Amino acid sequence: MSDPARPDILVAAPLPAFTMDVLEARFTVHKLWQGVAPADLARVRGMAASTLAGPVGEALFAQIPGLEIVANFGVGYDNIDMAAAVARHLVVTNTAGVLDEEVADLTVGLLLATVRRIPAAERYVRDGLWPGGGFALSPSLRGRRVGIVGLGGIGKAVARRLAGFAVDIAWYGRSEQPDVAWPRYPSVEALAAACDVLIVIVPGGAATRHLIDARVLAALGPDGVLINVARGSVVDEAALIEALQARTILAAGLDVFEHEPHVPQALLACDNAVVLPHIGSASLVTRQAMGRMMADNLTAWFTTGRALTPVPETRY
Ligand code: 8YV
């Protein structure tokens, strides 16, 4: 029997305990990884999905005839087969807005860590090498021109921070933004040619797969720094490894990878790469806010018939 006060939802994969607590307090929760009987799936009206959970699409949707909404734990939703969701007229929501500043903080930290070689310098001290001589002089952020690929909420939060760093800013995005004063370039390649830092913060998915390829890296040039905080799929990882090995670019700072959580050995072997385990939004306070927003989307849908942050494709 379903309880109208506690609608049935399916959680596609484990979420942080504090988010599971919020969901369990409001809904009748079914956990896919524990196995859900068809009779229970038949009562499910909502789904909590996550980039951490792997893809969800038609194979799962088809088992849940009463599914109305998929609420994603994350701003990116390339883990959801949107064509299948739209075909079923499902509402899909993300956690837009609550993680922009957090990811922007991490992006600037990763940029500085990469250019000033902070992780290597820290290892130098720990390894007891300092008494033998000072750490090698690093490249600099001074005089650089930073190109931002994708000027959405996070891209703008990054640009606002960098405005305080006395660097020039330019950007590429699919659409003109008349309110934005920073110059826009007509293609990623043109932006890369005009800049010596490229920060990638576009949505993942088929439309942006390998947007950063060997040609873009060649345009970025031997003094160029690539920062990827978007999705691993946006960068041709094999081409990037070649560019780092051959030093046809200077360095890369990466929070995301093509086959997470696996990072190719060849990339780990590059001393000009700084690698992080996809932690852009991974502070306690921000992950709590993301979980609340996901739950609030489900609650809003079940109580008012309107989600708070439906993604553009499902604003029916
Ligand atoms: C998280 C993210 O890794 O929001 C996103 O799109 O990539 C990150 O915040 C992810 O949401 C965890 O599921």
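This one's a predicted model, so the numbers in the text were calculated from it and none came from an experiment.

Cut-offs used in this document
Residue numbers here run from 1 along each chain, matching the order of that chain's written sequence. Two thresholds apply to this predicted model, a pLDDT of at least 70 for residue-level local features and 80 or more for giving and counting side-chain atom pairs, whereas whole-chain, interface and lining totals are computed over all residues. As a convention, hydrogens and water are excluded, and side-chain values are obtained from all of the structure's heavy atoms. A run of H or I in DSSP counts as a helix once it spans at least four residues, and a run of E counts as a strand once it spans at least two, with each numbered from the N terminus. With the radius of gyration taken over C-alpha atoms, the globule rule is written as 2.2 Å times the number of residues to the power 0.38. The classification of residues rests on relative accessible area computed with a 1.4 Å probe and restricted to protein chains. Under 20% of the type maximum is buried, over 50% is exposed, and intermediate values are partly exposed. When checking whether two residues touch, look at their non-hydrogen atoms; a contact exists if any pair is within 4.5 Å. The method behind every accessible area is Shrake-Rupley, applied with a 1.4 Å probe, and residues are considered shielded solely by the protein chains displayed. Under this rule, positive means Lys or Arg and negative means Asp or Glu; His and the chain ends count for nothing. Lysine's charge is taken at NZ, arginine's at CZ, aspartate's at CG and glutamate's at CD. Each salt bridge in this description consists of a side-chain nitrogen of Lys or Arg and a carboxyl oxygen of Asp or Glu lying within 4 Å of one another. When DSSP finds two or more bridges between a pair of strands, those strands are recorded as paired. Each helix should span, by expectation, one fewer than its residue count multiplied by 1.5 Å. Throughout, the edges of the domains are those of an automatic or database domain assignment. Once two parts are brought into contact, the accessible area they lose, counted with a 1.4 Å probe and summed over both, makes up the buried area. Here, axes are lines fitted to C-alpha atoms. For helices the fit covers the stretch in contact, and angles between N-to-C directions go from 0 to 180 degrees. Our angle categories are set so that under 35 degrees counts as roughly parallel, over 145 as roughly antiparallel, 65 to 115 as roughly perpendicular, and the remainder as oblique. If you view the pair so one helix is near and one far, a crossing is left-handed when the near helix is turned anticlockwise from the far one by less than a right angle, and right-handed when it is turned clockwise. Classes in brief: Ala, Val, Leu, Ile, Met, Phe, Trp, Tyr, Cys and Pro nonpolar; Asp, Glu, Lys and Arg charged; the others, Gly included, polar.

Asks: In this structure, what is going on with the overall build of the protein chain? I would like to understand it.
Replies: Within the protein chain, the regular secondary structure consists of 12 helices and 11 strands. Scaling as 2.2 N^0.38, a compact globule of 316 residues should have a C-alpha radius of gyration of about 20 Å, and the protein chain matches this with 22 Å. In terms of its C-alpha atoms, the protein chain occupies a principal-axis envelope of roughly 70 × 50 × 35 Å. Scored against the burial criterion, the 316 residues of the protein chain give a buried share of 48%. Taking as baseline every contact in the protein chain between residues at least 6 positions apart, the subset at least 24 positions apart corresponds to 60%. Put simply, the protein chain shows about 14700 Å² of open surface, and 57% of that area lies on carbon and sulfur atoms. Positive and negative side-chain charges of the protein chain, numbering 26 and 31 respectively, have mean locations separated by a distance of 3 Å.

Asks: Would you take a moment to explain the environment of Ile-169 for this structure?
Replies: When you line up the elements, Ile-169 lands in strand 7 (residues 168–172). A sequence separation of 10 residues divides Ile-169 from Ala-159, and the C-alpha atoms of the two residues are 7.1 Å apart.

Asks: In this structure, what is going on with the pattern of salt bridges? I would like to understand it.
Replies: Two side chains bearing opposite charge may form a pair once their charged atoms approach each other closely. The final tally for this structure, using the stated rule, is 16 salt bridges. The shortest N-O distance in the salt bridge between Arg-160 and Glu-101 comes to 2.7 Å. Highlighted residues: Arg-160 in helix 7 (residues 153–163) and Glu-101 in helix 5 (residues 100–115), separated in sequence by 59 residues. Among the salt bridges present, the one from Glu-122 reaches Arg-126, with a minimum N-O distance of 2.9 Å. Residue Glu-122 and its partner Arg-126 are both found in helix 6 (residues 118–126); the two are separated by four residues, about one turn of the helix. Using a relative accessible area of 39% as the deciding quantity, one classes Glu-122 as partly exposed. Since its relative accessible area comes to 65%, Arg-126 is described here as exposed. Within this structure, Glu-101, Asp-105, Arg-160 and Arg-161 form a network of salt bridges that share partners.

Asks: Mind showing me how you'd approach the pairing of strand 4 (residues 69–73) here?
Replies: The side chains of a regular strand alternate between both faces of the sheet. Strand 4 sits mainly inside the fold: five of its five residues count as buried. What you see with strand 4 is no split at all: Ile-69, Ala-71 and Phe-73 on one side and Val-70 and Asn-72 on the other are buried throughout. With five bridges connecting them, strand 3 (residues 44–50) and strand 4 associate as parallel partners. For Ala-48, the partnering residue across the bridge sits in strand 4 and is Ala-71.

Asks: Is there a simple way to explain helix 12 (residues 284–304) in this structure?
Replies: Each full turn of the α-helix corresponds to 3.6 residues, which orients residues three or four apart in the same direction. Given a rise of 1.5 Å per residue, 21 residues ought to cover 30 Å, and the 29 Å separating the end C-alpha atoms of helix 12 matches this to within 8%. Gly-305 lies just past helix 12 and shows a positive phi near 80°.

Asks: Whenever I open this one, the domain arrangement of the protein chain confuses me. Can you help?
Replies: Reports of interface size often rely on the accessible area that becomes lost once the parts have come together. Here the protein chain is described as being made up of domain 1 (8–98 + 284–304) and domain 2 (100–275). If you average the C-alpha positions of domain 1 and of domain 2, the two centres end up 32 Å apart. Taken together, the contacts link eight residues of domain 1 with six residues of domain 2. With both chains or domains summed, domain 1 and domain 2 bury close to 480 Å², and 45% of this area falls on carbon and sulfur atoms. Area buried by domain 1 at its contact with domain 2 is led by Asp-78, Gly-97 and Thr-286, which between them contribute 63% of it. Where domain 1 packs against domain 2, one counts one salt bridge. Ionic pairing is found between Asp-78 and Arg-231, a salt bridge with its closest N-O pair at 3.0 Å.

Asks: Would you explain the packing of helix 5 against helix 7 in this entry?
Replies: Two numbers describe a pair of packed helices, the interaxial angle and the distance between the axes. Where helix 5 meets helix 7, the axes come as close as 8 Å, and the angle between the chain directions of the two elements is 50°. One way to sum up the angle between helix 5 and helix 7 is to call them oblique. Crossing angle aside, the handedness with which helix 5 passes helix 7 is right-handed. In contact with Asp-100, Glu-101, Val-103, Ala-104, Asp-105, Thr-107, Val-108 and Leu-111 of helix 5, helix 7 contributes Gly-153, Ile-154, Ala-157, Val-158, Arg-160, Arg-161 and Leu-162. Taken together, the residues of the contact of helix 5 with helix 7 sort by class into eight nonpolar, two polar and five charged.

Asks: Any chance you could explain the sheet that holds strand 8 (residues 197–200) here in plain terms?
Replies: Within a beta sheet, neighbouring strands are joined by backbone hydrogen bonds and run either parallel or antiparallel to one another. With respect to topology, six strands assemble into an open sheet ordered 7-6-8-9-10-11, the strand pairing being parallel. Looking at which strands have only one partner, the edges of the open sheet turn out to be strand 7 and strand 11 (273–275). Shown here is a sheet whose adjacent strand axes are inclined to one another by a mean of 15°, direction ignored. Relative to strand 9 (residues 225–228), strand 8 runs parallel, the two sharing four bridges. Across the sheet, Leu-198 pairs through a bridge with Leu-226, a residue of strand 9. Where helix 7 meets the sheet, its contacts fall on strand 6 (145–149), strand 7 and strand 8, and the angle it forms with strand 6 comes to roughly 170°. Each of strand 9, strand 10 (251–254) and strand 11 touches helix 10 (residues 237–246); the most contacted strand, strand 10, lies at about 140° to it.

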